[in-house]
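# Coordinate inspection notes
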Amino acid sequence: MEKSSPRMTGGTRDTPVNSSPAVAANAEGEEIEVLESTDVLPVAPEDQWKSLFDKYDPENSGFISTERFRDLLATHGSELDPHKLEVLLALADGNADGKICYQDFVNLMSNKRSNSFRRAILQGSRQLKGCSLRDEVGLGLSQRLVRHVAYETLPREVDRKWYFDSYTYCPPPWLILAITIAEVAVFMYYGFQLDRLVLQVSSPSFLKSPLPYHPQLRAQAWRYLSYIFMHTGIEHLSLNMAMQLLVGVPLEMVHGALRIGLVYVCGVLAGSLAVSVTDMTAPVVGSSGGVYALVSAHLANVVMNWSGMKCQFKLFRMAMALVCMSVEFGRAVWLRFYPPAFPPCPNPSFVAHLGGVVVGLTLGVVVLQNYEQRLQEQSLFWIFFCVYTLFVLCAVFWNIFAYSLLDVRLPPPP
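Residues numbered from 1 in each chain as written. Predicted model: local features only at pLDDT ≥ 70, side-chain atom pairs only at ≥ 80, totals over all residues. Heavy atoms only, no water.

### Let's talk about the overall build of the protein
As a reminder, the rule being used: The helix and strand labels rest on DSSP assignments: H or I over at least four residues marks a helix, E over at least two residues marks a strand, and numbering proceeds from the N terminus. For the exposure calls, accessible area comes from a 1.4 Å probe over protein chains only, and a residue counts as buried if that area is under 20% of its type's maximum, exposed if over 50%, partly exposed in between. The contact criterion used throughout is that any non-hydrogen atoms of two residues lie within 4.5 Å. Values of accessible area rely on a 1.4 Å probe in the Shrake-Rupley scheme; residue burial ignores everything except the protein chains shown.
In terms of regular secondary structure, the protein is built from 14 helices and six strands. The burial tally for the protein puts 50% of its 414 residues in the buried class. Contacts in the protein between residues at least 24 apart in sequence constitute 72% of all its contacts with a sequence separation of at least 6. Per element, the accessible surface of the protein, about 19,500 Å² overall, is 65% carbon and sulfur.

Next comes the structure, spelled out in structure tokens:
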């Protein structure tokens, strides 16, 4: 395939190529598409990739040198986005043995990103000499937002550039927004029903909803998750909603709904189960378990990659996040030990916050640590996930047997 050769479609040659293919990654960084500047080049069958590979491997050795791969990029990459071209050149420069095998070539040029390709990107990132993404000028509002999110959440410049080039707002960060809207809707509904917006927990009808976790109703399994839609008052909802949106939405834009949903749901479930094990007589309300899982995972990621994080005022932002978390946690502790309005039923527990923090500092950190790498390829992820699963199973058996064996005196059902 020469610079002036026509474009291949199927097994024929039809339209002359005036523009060269560009390589783009999706938002998860797990696929590569071969694009032209004006239209999409269909993914070629493997025999066509073999034909192209053979032109750069005349000896039929099964490998092409990184120098020849650079020649391929120079021939067919004149209109590559500069950020993607940097990454592909990093692949050529970062390959330790100086060769690229046929399968890696197919993975690169087709819709796959192999482990070797990801490793080469990480090796080659040390050699990238291009200017930082922050130096880009003339960006629109949406592009500036994506750039801001990249610098808020990703520690490596090569990752920021890759994410900036590939993010398309499709799908949008819908999960955290949907959860937040649902929480506000439920709060407003009960606000009008209970005729109060502040300290709703003091209403005798507050716990009669089918949503909050109550120790007498722990056999109703959905309550271990549905309690996030009930809040003790507008002050409780406001703090959780602020942290959820300010941290959760950017994280979802980078890592996707699946990863963020996993961390969030694991934090929520760990929160209610931790209460059922350590604070056995208390109910649970509020989304703090999921929120604290996300926030603590993000803060831990920032601390672990402190030198690489280029977000503005990062020390001040971390301090503010910790202040908000401390205020909300302190309010929960005060409310738990404040004389309940309707004894003998205690006020909601604060232990769910701690359950969320533990999930964030373990499972959450691994999930957010490398936005490109697939979760099933991370051994540490499976270690923490197995530990988490073991905790859930132990907590389930605790809820089945421990209450009767310990003869715990539970408050009356609502």
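Having seen the model, we can carry on.
### Looking at unusual backbone geometry
Note that the residue after Cys170, namely Pro171, is joined by a cis bond; omega there is 0°. Mapped onto the elements of the fold, Pro171 is located in the loop between α7 (157-166) and α8 (174-194). The phi dihedral of Tyr169 falls on the positive side, at around 60°, and the residue is not glycine. Take Tyr169: it is sitting in the loop between α7 and α8.

### Focus: the nonpolar core
Counted only if it meets this: Each nonpolar core is a collection of buried residues, namely Ala, Val, Leu, Ile, Met, Phe, Trp, Tyr and Cys, held together in the definition by side-chain atoms within 4.5 Å.
Core analysis: the biggest nonpolar cluster contains 65 residues, and Tyr163, Tyr227, Tyr264, Val295, Val359 and Val367 have the highest contact counts within it. Elements that contribute at least two residues to this core include exactly α6 (141-153), α7, α8, α10 (234-278), α11 (288-304), α12 (314-337), α13 (351-369) and α14 (379-405). It is α10 that provides the largest number of residues to this core, a total of 16 residues. Contact partners of Val295, with chain neighbours within four places excluded, come to Met243, Val247 and Met325. Counting residues in hydrophobic clusters, the runner-up holds eleven residues, among them Val201, Met230, Leu335 and Cys345.

### Observations regarding a nonpolar patch on the surface
What counts is decided by this rule: Patch criteria: residues need more than 30% relative accessible area and no salt bridge. Like-charged residues are merged within 9 Å; nonpolar side chains of Val, Leu, Ile, Met, Phe, Trp and Tyr are merged within 5 Å. The salt bridge definition used is simple: a Lys or Arg side-chain nitrogen within 4 Å of an Asp or Glu carboxyl oxygen.
On the surface, Leu393, Val396, Phe397, Trp398, Ile400, Phe401, Leu405 and Leu406 cluster together to form a nonpolar patch covering roughly 810 Å² of accessible area. In this fold, Phe401 is placed in helix α14.

### So, α13
Note the threshold: Take the number of residues in a helix, subtract one, and multiply by 1.5 Å to get its expected span. What the bend at a residue measures is the angle between two axes, fitted to the seven residues ending there and to the seven starting there.
Look at α13: 26 Å from first C-alpha to last across 19 residues, which is about the 27 Å you get at 1.5 Å a residue. Taking the largest bend as the criterion, α13 deviates by roughly 40°, centred on Leu363.

### Comments concerning the packing of aromatic side chains
How two aromatic rings sit relative to each other is set out by the distance from centre to centre and by the angle between their planes. Put simply, the test is: Each Phe, Tyr or Trp ring (for Trp, its six-membered ring) is paired with any other whose centre lies within 6.5 Å, and the angle between the two planes then decides the class: stacked below 30 degrees, edge-to-face above 60, tilted in between. A ring is considered to have a charge above it if a Lys NZ or an Arg CZ atom is located within 6 Å of its centre and within 35 degrees of its normal.
A full pass over the atoms with the stated rule returns twelve aromatic pairs. Aromatic pair Tyr189 and Tyr190: ring centres 5.0 Å apart, planes at 85°, arrangement edge-to-face. The buried category is assigned to Tyr190, whose relative accessible area is 10%. On the numbers, 4.7 Å between centres and 40° between planes, the contact of Trp334 with Tyr338 is tilted. An aromatic cluster of three or more residues is present, and its members are Tyr163, Tyr167 and Tyr169. Over the aromatic face of Tyr403 sits the side chain of Arg218, whose NZ or CZ is 3.8 Å from the ring centroid. Over the ring of Trp306 we find Lys314, and its NZ or CZ is 4.5 Å from the ring centre.

### Comments concerning the environment of Leu52
When you line up the elements, Leu52 lands in helix α1 (residues 46-55). On a C-alpha basis, the gap between Leu52 and Leu72 in space is 9.7 Å, while along the polypeptide they are 20 residues apart.

### Here's the deal with the packing of α10 against α11
Applicable threshold: Orientation is described by axes fitted as lines to C-alpha atoms, over the contacting stretch for helices, and by angles from 0 to 180 degrees between their N-to-C directions. Roughly parallel refers to an angle under 35 degrees, roughly antiparallel to one over 145, roughly perpendicular to one between 65 and 115, and oblique to any angle outside these ranges. By definition, any crossing whose near helix is turned counterclockwise from its far helix by less than a right angle is left-handed, and any crossing with a clockwise turn is right-handed. Residues are grouped as follows: Ala, Val, Leu, Ile, Met, Phe, Trp, Tyr, Cys and Pro are nonpolar; Asp, Glu, Lys and Arg are charged; all remaining types, including Gly, are polar.
Across the interface, α10 lies against α11 with an axial gap of 7 Å and an inter-helix angle of 70°. Taken together, the axes of α10 and α11 lie roughly perpendicular to each other. Considering the relative orientation of α10 and α11, their crossing is left-handed. Contacts between α10 and α11 involve His236, Asn240, Met243, Gln244, Val247, Gly248, Leu251, Ile260, Val263, Tyr264, Gly267 and Val268 from the first element and Ser288, Gly289, Gly290, Val291, Tyr292, Ala293, Leu294, Val295 and His298 from the second. Considered class by class, the residues forming the contact of α10 with α11 number twelve nonpolar, nine polar and no charged.

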